[in-house]
Amino acid sequence: MATFLVKPTLRGTLLAISALCLLLISANPASAQRGRTVIRMGSLAPQNSPWHESLMIMAERWREESNGQVRLQVIPNATAGEEADVLQKMSFGQLHAGTFSLAGLQNLTDAVAVLAIPMLAEDQEDLHRIRDAVGPYLEEVFLEQGYVLLHWADLGWMRFFTKDPNPDPDVVKGYRYVQWGDDSMSDLWREAGFPPGVRMNMADITIGLERGTVDAINTAPLVVAGYMWFSALKYMIDVRWAPLSGATLVDRDTWESIPEDLRVRLKGIAEEVGEEVQAKLLEWEAEAIDAMMGQGLEIIEPPPDIMEKWRVLFEQARGMLRGRVIPEAWFDEAIRVGTQGKGR
Amino acid sequence: MIRQKPVVPSGAGRSQMAPFPLLALLLALTISGCSIKGMAINSVANALSGAGGDGGSNVYLTDDDPILVGEALPFSLKLMETILQETPEHEELLVATATGFVSYAEMWVLRPSRYLEDTDYLASKAERLRAKKLFLRASGYAGRVLELRYPGIVERLRLSPHEAAQELGAEDLDALYWYGAALGRAISNDLGDAELLVQGRTIQALLERALELDESWNKGALHEFRMGLPKQLGGSPEIAEAAYMRAMELNEGTSVGPMVSLAESVFVANQDREAFNQILARVLEFDAEQYPDNRLTNTLAQKHAEWLLSKVDELFWSAPGDAKRHPQPKEMSTSWLLSS
């Protein structure tokens, strides 16, 4: 049903690689050691970060729930590669699960942008309502590609981090931004007046900021704090223009090798862990912003007239998303639940 | 800038008192009279810190029984803290206390917590957070030395790390290193602590400054530190490999710690199972008795190598063709690495 949403290029590549690799190695070689299922999960989350800890707690609860029959092995720090690498490794059985940001999920379908329609969700409640409404559509697309959603993840609210305090969109639009992963929406950003983004690995961004290859970043405060980019970007333009979502996916074949009744219980645990992280997110984000302020970061709150300019800009961007990136029905559903009871 | 060191009375030096620090402490606590008490306390402080002669810590470093040392250290550390209450500006004792707390936290709290991770994550996490507190305590002692020498430096290092680090000179390397190491380990063991997390660039600035001042300091300790830098602070497998080579060159093959670090940080990251197995096999073959001054650290490194080898199937999950190629030990130019 949702096959048209599957990204053809990556999907084709993954299938080709999978076919080749099947000749070389057996699929999921570690998934059935001594009657146990071992699920290796590639994660971008740094070891000992709250996200990593939540996955480790999930691993422990899975082990207990399955009496040791399901073992989740988390590989943190992007050791297993960036998000596209993790998907590729999942396709030929080296990994069986992964954690992904919205940028990573765009490798599977551009339609995940429905979770980040500009200036639609204003708070966590809005985001969760939208996700409850359109999440099942996305789950179906993931499933068609061989991935089962374990839980959604929240990474915070995206803002602009810049070297200049001017919050006017005409100024903020002029910076050279980091382009996240295979950002298929880069054309839309350009159409909205932003210059072409610069693609770089996370580890290279600090050097990019020092050398002036990029001079602004558009992401969530927790990411900026974690990578210490605030030392080069002294201003946070406080326009919470979209939530930064993510998801944890598991390879469908590996997952379905687990008895169904156990799968249901493990999925329940995964969802609980995801909800616990979501509940703490705003607290973590506030702590990160406070800590960065203690190091000299300044928060710039745009005055009402400038905020209105941002709204106009993002209203135009929304129009470009509908039907082109996000199926019209999904887009309309997201708008309906996102504006519910707000008179917007 | 005024630097003050405690007065060490002549004739009451560390070498005389070293075997009897407890007796001296007892005297200090029971004999009335400020001067006698002060003399005794300074003597104990010098004995514990190893100031003025061969290090008192050798009795630990030359030991071949890590369990015994691990059980003895807390008592020594509390004794040092007791003495520091009386001589809070004894710089050598402050550095020695910081060193002791970092070592204890790293080897006897944090490392065992890792061994627990697979079977009891919550208990492992609790121990890791306990180690974090000990690292912070250590950074407080080393930071106090820096503050005594450069009032306000700790705050300046937090706010403008690169500028502040330039104030430090070669004579500060001990305190600089242990302050940076303690703070760095506290940060990396709780990335959820945002207040600490944002101080990562202080670590980077201190390490860069230390390398500028004397990159060969303490037989390659700075390069070993550099091996563990996360990518957020400019670390990478390539940098870790270069740092490893220099660390081994400087320690002249007397310490196998960097070999274990290389296996764990670089060979695992690059999924080079063959190099991992080879280098850890060398670590286990190494004769720890050969270099008595490093007996304890080498014995601990060997124990960790054994544990890593027991996890090899879990650590290496990629197909053989995926591994990034590393020079095998036999291809490395440093012959001492292979001495057998």
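Residues numbered from 1 in each chain as written. Chains lettered and ligands numbered in written order. Predicted model: local features only at pLDDT ≥ 70, side-chain atom pairs only at ≥ 80, totals over all residues. Heavy atoms only, no water.

K.L.:
In this structure, what is going on with the overall build of chain B? I would like to understand it.
P.N.:
Each helix and strand counted, chain B has 18 helices and 0 strands in total. Expressed as a percentage of its 340 residues, the buried residues of chain B come to 51%. Within chain B, residue pairs in contact and separated by at least 24 positions form 69% of the contacts whose partners lie at least 6 positions apart. Taken as a whole, chain B presents about 15100 Å² of accessible surface, with 55% of it coming from carbon and sulfur. (Helix = DSSP H or I, 4+ residues; strand = E, 2+ residues; numbered from the N terminus. Buried < 20%, exposed > 50% of the residue type's maximum accessible area, 1.4 Å probe, protein only. Contact = heavy atoms within 4.5 Å. Areas by Shrake-Rupley, 256 points an atom, 1.4 Å probe, with all protein chains shown as cover.)

K.L.:
Which parts of the structure should I look at to understand helix H6 (residues 91–116) of chain B?
P.N.:
An α-helix turns once per 3.6 residues; consequently, residues spaced three or four apart project the same way. Taking 1.5 Å of rise per residue, the 26 residues of H6(B) would be expected to cover 38 Å, and the 36 Å separating its terminal C-alpha atoms lies within 8% of that figure. When the local axis directions of H6(B) are compared, the greatest deviation, roughly 30 degrees, occurs at Ala105(B). (Expected span 1.5 Å × (residues − 1). Bend = angle between axes of the 7 residues up to and from the residue.)

K.L.:
I tried to follow the side chain of Asn218(A) on my own but got confused; where do I start?
P.N.:
All names here are of chain A. Considering the arrangement of structural elements, one finds asparagine 218 in strand S7 (residues 216–219). With relative accessibility at 8%, the residue asparagine 218 sits in the buried group. A polar side-chain atom of asparagine 218 sits 2.8 Å from a polar atom in the side chain of tryptophan 241. Not counting chain neighbours up to four residues away, the residues in contact with asparagine 218 comprise Met158, Arg159, Phe160, Tyr177, Trp180, Trp189 and Trp241. (Polar contact = N/O pair within 3.5 Å; in protein donor to acceptor, adjacent residues only side chain to side chain.)

K.L.:
Just checking my understanding: could you explain the pattern of salt bridges for this structure?
P.N.:
Residue and element names in this part refer to chain B. Summed over the entire model, instances satisfying the criterion amount to 40 salt bridges over all chains. The salt bridge partner of aspartate 193 is lysine 132, with a shortest N-O separation of 2.9 Å. With aspartate 193 in the loop between helix H10 (173–188) and helix H11 (194–197) and lysine 132 in helix H7 (residues 121–149), the pair connects residues that are 61 residues apart, well separated along the chain. The exposure class assigned to lysine 132 is buried, which follows from its relative accessible area of 11%. (Salt bridge = Lys/Arg side-chain N within 4 Å of Asp/Glu carboxyl O.)

K.L.:
Is there a simple way to explain the environment of Ala192(A) in this structure?
P.N.:
All names here are of chain A. By the secondary structure assignment, alanine 192 is in the loop between helix H7 (186–191) and strand S6 (198–199). Spatially, the C-alpha atom of alanine 192 lies 33 Å from that of glutamine 295, the residues being 103 residues apart in sequence. The contacts of alanine 192, once residues within four sequence positions are left out, are Lys173, Leu313 and Met320.

K.L.:
For this particular structure, what's the right way to read the pairing of strand S8 (residues 235–251) of chain A?
P.N.:
The two faces of the sheet receive side chains in turn, since in a regular strand these alternate between them. Residues and elements named next belong to chain A. Of all 17 residues that make up S8, 15 are buried, and the element is covered over most of its length. Bridge analysis of strand S3 (residues 97–101) against S8 gives 5 bridges, and the strand direction is antiparallel. Bridge pairing links serine 101 to glycine 246 in S8. Both strand S4 (residues 147–162) and S8 contribute to a ladder of 13 bridges, which runs antiparallel. In the sheet register, aspartate 154 faces S8, and the bridge partner there is serine 245. Where S8 and strand S9 (residues 298–300) come together, 3 bridges link them in parallel fashion. Considered in S9, the bridge of methionine 236 is made with isoleucine 299. (Pairing = 2+ DSSP bridges.)

K.L.:
Help me out: how do you make sense of a negative patch on the surface in this one?
P.N.:
The grouping of Glu283(A), Glu287(A), Asp290(A) and Glu195(B) at the surface amounts to a negative patch. Per-element accounting of the negative patch gives the leading share, 3 residues, to helix H11 (residues 260–294) of chain A. Secondary-structure assignment places Glu195(B) in helix H11. (Patch = residues over 30% accessible without salt bridge, like charges linked within 9 Å, V, L, I, M, F, W, Y side chains within 5 Å. Lys, Arg positive; Asp, Glu negative; His and termini not counted. Charge placed at Lys NZ, Arg CZ, Asp CG, Glu CD.)

K.L.:
Help me understand the interface of chain B and chain A, please; the structure alone is not making it clear to me.
P.N.:
The figure often quoted for interface size is the accessible area lost as the parts come together. At the junction of the two partners, chain B supplies 34 residues and chain A supplies 37 residues. Carbon and sulfur atoms supply 52% of the area buried between chain B and chain A, which totals about 3100 Å² over both sides. Put simply, chain B and chain A have 4 salt bridges between them. Joining chain B to chain A, the criterion identifies 15 residue pairs in polar contact (both at pLDDT 80 or more). At 4 residues, the largest contribution of residues to the side of chain B that touches chain A is made by H7(B). For the side of chain B that touches chain A, the class distribution of residues is 13 nonpolar, 8 polar and 13 charged. (Buried area = accessible area lost by both parts, 1.4 Å probe. Nonpolar A, V, L, I, M, F, W, Y, C, P; charged D, E, K, R; others polar.)

K.L.:
Is there a simple way to explain the confidence of the model for chain B in this structure?
P.N.:
Regions with low pLDDT should not have their predicted coordinates read in detail. All names here are of chain B. Mean pLDDT over chain B: 83, with 78% of residues reaching 70 or higher. Of all the helices and strands in chain B, helix H1 (residues 14–17) carries the lowest mean pLDDT, 37, while H7 carries the highest, 98. Throughout residues 1–32 the model reports pLDDT below 50, and contacts reaching past four residues in sequence, or to other chains, amount to 43 contacts. For this predicted complex, the interface confidence comes out at an ipTM of 0.83, alongside a pTM of 0.84. (pLDDT = per-residue confidence, 0-100.)

K.L.:
Please clarify how the pairing of strand S2 (residues 70–75) of chain A should be interpreted in this entry.
P.N.:
Residues and elements named next belong to chain A. For S2, the tally of buried residues reaches 6 of 6 residues, placing the bulk of the element in the interior. Where burial is concerned, the two faces of S2 agree: the one with Val70, Leu72 and Val74 and the one with Arg71, Gln73 and Ile75 are both buried. Bridge analysis of strand S1 (residues 37–42) against S2 gives 6 bridges, and the strand direction is parallel. Considered in S2, the bridge of methionine 41 is made with valine 74. In this fold, the crossover linking S1 to S2 by way of helix H2 (residues 50–65) has right-handed handedness. (Right-handed = clockwise from strand over helix to strand, strands pointing away.)

K.L.:
What's the story with the nonpolar core in this structure? I'm lost.
P.N.:
In summary, soluble globular proteins display a tendency toward joint burial of nonpolar side chains. Formed by 160 residues in total, the largest nonpolar core has its most connected members in Phe142(A) and Trp229(A). Not counting the four nearest positions on each side in its chain, Phe142(A) is found in contact with Leu105(A), Leu108(A), Thr109(A), Val112(A), Tyr147(A), Leu149(A), Trp152(A) and Leu249(A). (Core = buried A, V, L, I, M, F, W, Y, C linked by side-chain atoms within 4.5 Å.)

K.L.:
Can you help me understand the packing of H6(B) against H7(B) in this one?
P.N.:
Angle between the axes and distance between the axes: these two values describe a pair of packed helices. Residue and element names in this part refer to chain B. Where H6 contacts H7, the axes come no closer than 8 Å and their chain directions differ by 165 degrees. With respect to each other, H6 and H7 are oriented roughly antiparallel. As H6 packs across H7, the resulting crossing turns out to be left-handed. When its residues are assigned to classes, the contact of H6 with H7 shows 20 nonpolar, 3 polar and 8 charged. (Axes fitted to C-alpha atoms, helices over the stretch in contact; angles between N-to-C directions. Parallel < 35°, antiparallel > 145°, perpendicular 65-115°, else oblique. Left-handed = near helix turned anticlockwise from the far one by under 90°.)

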